[in-house]
Amino acid sequence: MGGPAQRLLGPACEGERRYNSVVTLTEMASKLKVSHTTVSRALNPDKAHLISEPIRKRIQAYASRVRYVPNRTAQELVRGRSHTLGIILSTVFSSVFFSDYIAKVLSGIYAALQDNNRFGCKLIVLPRGSTLEESDAHILRTGVDGLLISSIGDFAAAQFERLARELAGRWKRPVVGLSMNCRPGRGLSVVSFSNREAAHEAVTHLIGKGHRRIGLIWAENGSEDVQERIAGYRDVLREHRLAIDPKLMVKGDFLTESGYRGTLALLKEGRRPSAIFCVNDEMAIGAIRALKALRLRCPQDVAVMGFDGLDLGKFVDPRLTTVRQPVKEIAEAGAKLLIDLLEGRQKDSVALKLPAELIIRDSA
């Protein structure tokens, strides 16, 4: 998703054929018998008015015929701007969730760049095992105008927040945290959604279906997101005066197999749940597989609710009812916000909250 090539190879005009050469401002100036500065100004929307109309039109027509593309590196040196956004990820994981997540993040950023085609994007992957101090130095050398930082990765949410705040404070360039649940300020803006409210809506849906024994399969990775989902689950039980039963709670590890094992453990208990809420989709898919292995029907015998909105959920049998995180929308809104901050249309750091979506399919 980076910017266009600095100069475009292609045929020249007026009888010349230069398929293997590049066209520079200096060459254009020589050909048109004008100064380098005149050509530069004529092709700069902010300065074209300084050149007389006949000369300006002749230069622009020639540039169009030779398919001239501005040398962005030279422009960056003059303006101190690269028109490039950085997106920081900490390591690339081999998992269904991460593949789905990164595809949606990049799709959202690309959508924002389509509306702001002067900007490009650079993906910055922090090496596994690196310290935040090492990452800090690496990021500052990347030559981008501003940063989008994803909270999904090897570091805990608190570490990502600290990195984002330190970069925003010392770097003097805007930083936007994606899916970070923290306060904005000192150059740091955030775009996120409420995990607690989304989980509340999901469990309320199960209550509305008549379920009163709702199991929970959870996992832990230091993320506040999961704690918020568990809190949403507990909130609904309290609101409906239902007991919070530790026997209906099983710990997994986010992977499908742990959802399978967790479901088997829940169903061994004497007080079998009529529904299971999983804090991510992969474990929910494992739960559905376990029910099939036990010859139980889903949702008639045990309903299953996931959380993430993985595209894979549409293809399991039964199709997974889940909460869709607005990942693409968060990335798109974050990229647009960062561009607005860079362009001066947005002056202050802000926090944006986008709604999650309950997707009701067949499993609950």
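In case you missed it, the structure is sitting above this.
Predicted model, so just to flag it, every value in this text is computed and none were measured. (Residues numbered from 1 in each chain as written. Predicted model: local features only at pLDDT ≥ 70, side-chain atom pairs only at ≥ 80, totals over all residues. Heavy atoms only, no water.)

Peer 1: Help me out: how do you make sense of the overall build of the protein chain in this one?
Peer 2: Scanning the protein chain for helices and strands turns up twelve helices and twelve strands. Evaluated residue by residue, the protein chain yields a buried proportion of 51% over its 364 residues. Within the protein chain, residue pairs in contact and separated by at least 24 positions form 72% of the contacts whose partners lie at least 6 positions apart. (Helix = DSSP H or I, 4+ residues; strand = E, 2+ residues; numbered from the N terminus. Buried < 20%, exposed > 50% of the residue type's maximum accessible area, 1.4 Å probe, protein only. Contact = heavy atoms within 4.5 Å.)

Peer 1: Where do I start with the nonpolar core in this structure?
Peer 2: Generally speaking, soluble globular proteins have nonpolar side chains that are buried together. One finds Val 105, Ile 109 and Phe 277 to be the most contacted residues of the largest nonpolar core, which totals 73 residues. The biggest single contributor to this core is helix 12 (residues 327-343), with ten residues. (Core = buried A, V, L, I, M, F, W, Y, C linked by side-chain atoms within 4.5 Å.)

Peer 1: For this particular structure, what's the right way to read the side chain of Thr 321?
Peer 2: Its location among the elements puts Thr 321 in the loop between strand 9 (303-305) and strand 10 (322-324). In this structure the side chain of Thr 321 is engaged in a polar contact, spanning 3.2 Å, whose partner is the backbone oxygen of Ala 364. Excluding anything up to four places from it in sequence, Thr 321 contacts Val 304, Met 305, Gly 306, Ile 359, Ile 360, Arg 361, Asp 362, Ser 363 and Ala 364. (Polar contact = N/O pair within 3.5 Å; in protein donor to acceptor, adjacent residues only side chain to side chain.)

Peer 1: Explain unusual backbone geometry here, please?
Peer 2: Apart from glycine, the bulk of residues carry a negative phi angle, and the bulk of peptide bonds sit in the trans form. At the junction of Cys 298 and Pro 299, the peptide bond is cis and its omega measures out at 15° in the coordinates. Checked against the element boundaries, Pro 299 lands in the loop between helix 11 (281-293) and strand 9. Note that the residue after Asp 317, namely Pro 318, is joined by a cis bond; omega there is 0°. By the secondary structure assignment, Pro 318 is in the loop between strand 9 and strand 10. The backbone of Phe 254 sits at a positive phi, close to 80°, despite the residue not being glycine. Of note, Phe 254 is situated in the loop between strand 7 (249-251) and helix 10 (256-268). With relative accessibility at 18%, the residue Phe 254 sits in the buried group. Its identity as a non-glycine residue notwithstanding, Arg 295 has a phi of 60°, on the positive side. Along the chain, the position of Arg 295 falls in the loop between helix 11 and strand 9.

Peer 1: Explain helix 9 (residues 224-239) to me, please; I cannot follow it from the model alone.
Peer 2: Because the α-helix completes a turn every 3.6 residues, residues three or four places apart line up on one side. Taking 1.5 Å of rise per residue, the 16 residues of helix 9 would be expected to cover 22 Å, and the 22 Å separating its terminal C-alpha atoms lies within 8% of that figure. Looking at the packing, one finds that the buried side of helix 9 touches helix 8 (195-208), strand 6 (214-218), strand 7 and strand 8 (275-278). A positive phi of about 55° marks Arg 241, the residue just after helix 9. (Expected span 1.5 Å × (residues − 1).)

Peer 1: What exactly am I supposed to notice about the pairing of strand 4 (residues 175-178) here?
Peer 2: Note on strand geometry: in a regular strand, side chains alternate between the two faces of the sheet. Side-chain alternation along strand 4 places Val 175 and Gly 177 on one buried face and Val 176 and Leu 178 on a second face that is also buried. Bridge count for strand 4 against strand 5 (residues 188-192) is four bridges, and the pairing is parallel. Residue pairing across strands places Leu 178 opposite Val 191, the latter belonging to strand 5. (Pairing = 2+ DSSP bridges.)

Peer 1: Would you explain a nonpolar patch on the surface in this entry?
Peer 2: A cluster of nonpolar residues, Val 96, Leu 312 and Phe 315, forms a patch on the protein surface that exposes about 300 Å² of accessible area. Following the sequence through the fold, Val 96 ends up in helix 5 (residues 96-115). Residue Val 96 is classed as partly exposed on the basis of its relative accessible area of 38%. (Patch = residues over 30% accessible without salt bridge, like charges linked within 9 Å, V, L, I, M, F, W, Y side chains within 5 Å. Areas by Shrake-Rupley, 256 points an atom, 1.4 Å probe, with all protein chains shown as cover. Salt bridge = Lys/Arg side-chain N within 4 Å of Asp/Glu carboxyl O.)

Peer 1: Would you mind showing me how to read the packing of helix 8 against helix 9 here?
Peer 2: The relative placement of two packed helices comes down to the angle between their axes together with the axis-to-axis distance. Running from N to C, helix 8 and helix 9 cross one another at 40°; their axes reach a closest spacing of 7 Å. Classified by the interaxial angle, the pair formed by helix 8 and helix 9 is oblique. Every pair of crossing elements has a handedness; the one defined by helix 8 and helix 9 is right-handed. The segment helix 8 lies against helix 9, with Asn 195, Arg 196, Ala 199, His 200, Val 203, Thr 204 and Ile 207 engaging Asp 225, Glu 228, Arg 229, Ala 231, Gly 232, Tyr 233, Asp 235, Val 236 and Glu 239. Residues of the contact of helix 8 with helix 9, tallied by class, amount to six nonpolar, four polar and six charged. (Axes fitted to C-alpha atoms, helices over the stretch in contact; angles between N-to-C directions. Parallel < 35°, antiparallel > 145°, perpendicular 65-115°, else oblique. Left-handed = near helix turned anticlockwise from the far one by under 90°. Nonpolar A, V, L, I, M, F, W, Y, C, P; charged D, E, K, R; others polar.)

Peer 1: Before we go on, may I ask you to explain helix 1 (residues 25-32) in this structure?
Peer 2: Listing the buried residues of helix 1 in full gives Leu 25, Met 28, Ala 29 and Leu 32. Buried positions in helix 1, seen along its axis, are confined to an arc of 100° and lie on one side of it. Turned more than 90 degrees from where helix 1 packs its buried face, Thr 26 and Ser 30 sit exposed. In this fold, the buried residues of helix 1 make contact with helix 2 (36-42) and helix 3 (53-65). One or two steps after helix 1, the chain reaches Lys 33, where phi turns positive at roughly 60°. (Arc of directions from axis to C-beta.)

Peer 1: Help me out: how do you make sense of the packing of aromatic side chains in this one?
Peer 2: Given two aromatic rings, their pairing is described by the distance between the two centres and the angle made by the two planes. Counted by the stated rule, this structure contains three aromatic pairs. Each ring, one from Tyr 233 and one from Phe 277, has its centre 6.4 Å from the other, and the planes form 20°; the classification is stacked. Of this pair, Tyr 233 sits in helix 9 while Phe 277 sits in strand 8; the two residues are 44 residues apart in sequence, bridging distant segments of the chain. With respect to class, Tyr 233 is no different from Phe 277; both count as buried. (Phe/Tyr/Trp six-rings, centres within 6.5 Å; stacked < 30°, edge-to-face > 60°.)

Peer 1: Please explain the sheet that holds strand 7 as it appears in this structure.
Peer 2: Taken together, four strands build an open sheet; the order of strands is 7-6-8-9 and the sheet is parallel. Edge positions in the sheet fall to strand 7 and strand 9, since each has one partner strand and no second. When the angles between neighbouring strand axes are averaged without regard to direction, this sheet yields 20°. Here strand 6 pairs with strand 7 via three bridges, running parallel. By the bridge assignment, Trp 218 is partnered in strand 7 with Lys 251.

Purely geometric stuff here, so don't read any function into it on its own.
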